[in-house]
Structure formats: C-alpha cells, structure tokens
Amino acid sequence: MRVQPAPVAPIFEAVIVPHRSLSRRGRLVLSCALAGAIGAAGLVFLLLGAWPVVGFSGLEIALAIALLHLNARQSRGSEVVVLHDGTARITRTDPRGRRTETVLPLGWLRMELQERPGRVPGLLLRHRHREVEIGTALGEADKRSLAAALSAALERAHTPRFDNPQLR
C-alpha cells in the first residue's frame, strides 16, 4: 500500500475581481433613467423645432446603454495569484470564460510596485527577463494592500523557517 503525502497549503492566494457597484437591476434602472432624461431633452428640442437633435439623442441613449453593458461584461473576468510548491501561478479568466495561466518559479521572483505619476501604480512580478503585471483591475489602495501581502508572502517563501528539534 502506497501512502500519498498530504497536500501542502499554498503560501499565498489572492482572487482579484473587478469591483462593480451596480447589480443587474441597478443597471436596468440607470439605463431607464438615462433614456428618460435624454429622451426628455430630445423631446424639448423637437418641440423647439430642432428635429435633428432627436436622432443624436437616440444615438446617445444607445451608446450609454452599450457602454453600461460593456462595463458589466468586463466584471466577469478574474485573476488568481497563488504561491505554492516553489512556483507562482497566475490564472486569468477573461469575460468570455477563457483562461490563461502563467507559471513563474519562486527562486528569483521579485515583486515591484511601479509608481506612475497621475495613475494607479503597476504591480509587477519579475523573474529574469519575464515580467507579468497583476491586479490591473484594482484601485490604488487595494493594489498597495495586495503588494504588501504579496511582499510578505514572497519574503516567507525566500527565507523559510526550519524547525530543528535538536536545537530546542
């Protein structure tokens, strides 16, 4: 009988999903409110005799609803970062459900918070000549929090603590 070793827990795991504050019902209410407001403005211009504005109002309504739909669709993507068994595994799922996975060895892996003036900083994982940006959907505070947690996890992975019972 062969005994399998117990699975080792990951050193670090983070699931990153884009923040969206509107639910499906909220998007519907917002779409109706936008359509009503833009439609009312278009009606006022129609009554004033500026009938071409009505066509542009219709285009504006369609564009606003399409952009709300696109924003909601983007929220279906996710990113999972796991440090486990000497590797860093970054699994990205796009809004259509397609997955891509990047695996980097932990040996010389470095994490860098790249400051960008006037923009949210970039969070990069670097191993030799490979560079992977993670957490692109996060805001500045969340990205800094992730950077601190990931930095601590990489420090634990690079400097393991050995328990030698003979030294107790």
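Summary of the structure given here. Residue positions are counted from 1 within each chain, in the order its sequence is given. A pLDDT threshold of at least 70 governs which residues receive local features in this predicted model, and a stricter bar of 80 or more applies before side-chain atom pairs are shown or counted, although totals over entire chains, interfaces and linings include all residues. Working from all heavy atoms in the structure, the side-chain values ignore hydrogens and water.

1. Brief notes about helix 1 (residues 24-47)
So, point 1. With 24 residues, helix 1 should cover 34 Å at 1.5 Å per step; its first-to-last C-alpha distance of 34 Å lies within 8% of that length.
So, point 2. Here the term buried applies to any residue with accessible area under 20% of the maximum for its type, exposed to any over 50%, and partly exposed to those in between, with areas from a 1.4 Å probe on protein chains only. Numbering of helices and strands runs from the N terminus; a helix is a DSSP stretch of H or I covering at least four residues, while a strand is a stretch of E covering at least two. Listed in full, the buried residues belonging to helix 1 are Gly26, Ser31, Ile38 and Gly42.
So, point 3. Where helix 1 terminates, the next one or two residues include Gly49, which has phi positive at roughly 100°. One less than the residue count of a helix, multiplied by 1.5 Å, gives the span that helix is expected to have.

2. Looking at the sheet that holds strand 2 (residues 78-84)
Either a parallel or an antiparallel arrangement is found when strands of a sheet pair, and the pairing is made through backbone hydrogen bonds.
So, point 1. Within the open sheet, the four strands sit side by side as 1-2-3-4. Their pairing is antiparallel. Each edge of the sheet is formed by a strand with only one pairing partner; in this case those strands are strand 1 (12-16) and strand 4 (99-105). Each strand of the sheet is rotated relative to its neighbour by a mean of 10°, with strand direction disregarded.
So, point 2. For two strands to count as paired, DSSP must find a minimum of two bridges between them. Two elements, strand 3 (residues 87-93) and strand 4, share seven bridges in a ladder whose sense is antiparallel. Along strand 4, the bridge assignment pairs Arg89 with Val103.
So, point 3. The strands touched by helix 3 (residues 140-158) within the sheet are strand 1 and strand 2, with strand 1 carrying the most contacts at an inclination of about 155°. Interaxial angle, 0 to 180 degrees, is taken between N-to-C directions of lines fitted to C-alpha atoms, where a helix line uses only the stretch in contact. Contacts were defined at the residue level, with two residues in contact if any of their heavy atoms lie within 4.5 Å.

3. Notes on the pattern of salt bridges
Where charged atoms of side chains with opposite charge meet at close range, the side chains can pair.
So, point 1. Salt bridge, as used here, is a side-chain nitrogen of Lys or Arg placed within 4 Å of a carboxyl oxygen of Asp or Glu. A complete count under the given rule lists eight salt bridges for this structure.
So, point 2. In this structure, the salt-bridge partner of Glu79 is Arg92, at a minimum N-O distance of 3.0 Å. Note that Glu79 is positioned in strand 2 and Arg92 in strand 3, a separation of 13 residues in sequence.
So, point 3. Notably, a salt bridge pairs Arg144 with Glu140, separated by 3.1 Å at the nearest N-O pair. Here Arg144 and its partner Glu140 are both found in helix 3, four residues apart, which amounts to about one turn of the helix.
So, point 4. Through salt bridges with shared partners, a single network forms among Glu112, Arg126 and Glu131.

4. A word on unusual backbone geometry
So, point 1. For Asp85, which is not a glycine, the phi torsion comes out positive at approximately 50°.
So, point 2. Mapped onto the fold, Asp85 is located in the loop between strand 2 and strand 3.
So, point 3. The backbone of Arg128 shows a phi angle near 55°, a positive value even though the residue is not glycine.
So, point 4. Tracing the backbone through its elements, the reader meets Arg128 in the loop between strand 6 (122-127) and strand 7 (130-134).
So, point 5. Take Arg128: its relative accessible area is 68%, and that puts it in the exposed class.

5. Here we look at the sheet that holds strand 6
So, point 1. Taken together, the three strands give an open sheet; going across it, the order is 5-6-7, and neighbouring strands pair in antiparallel fashion. Both edges of this open sheet fall to strand 5 (110-114) and strand 7, since each of them pairs with a single strand only. Direction aside, neighbouring strands of the sheet carry axes that sit 30° apart on average.
So, point 2. Strand contacts of helix 3: strand 5, strand 6 and strand 7, with the helix running at about 160° to strand 5, the strand carrying the most contacts.

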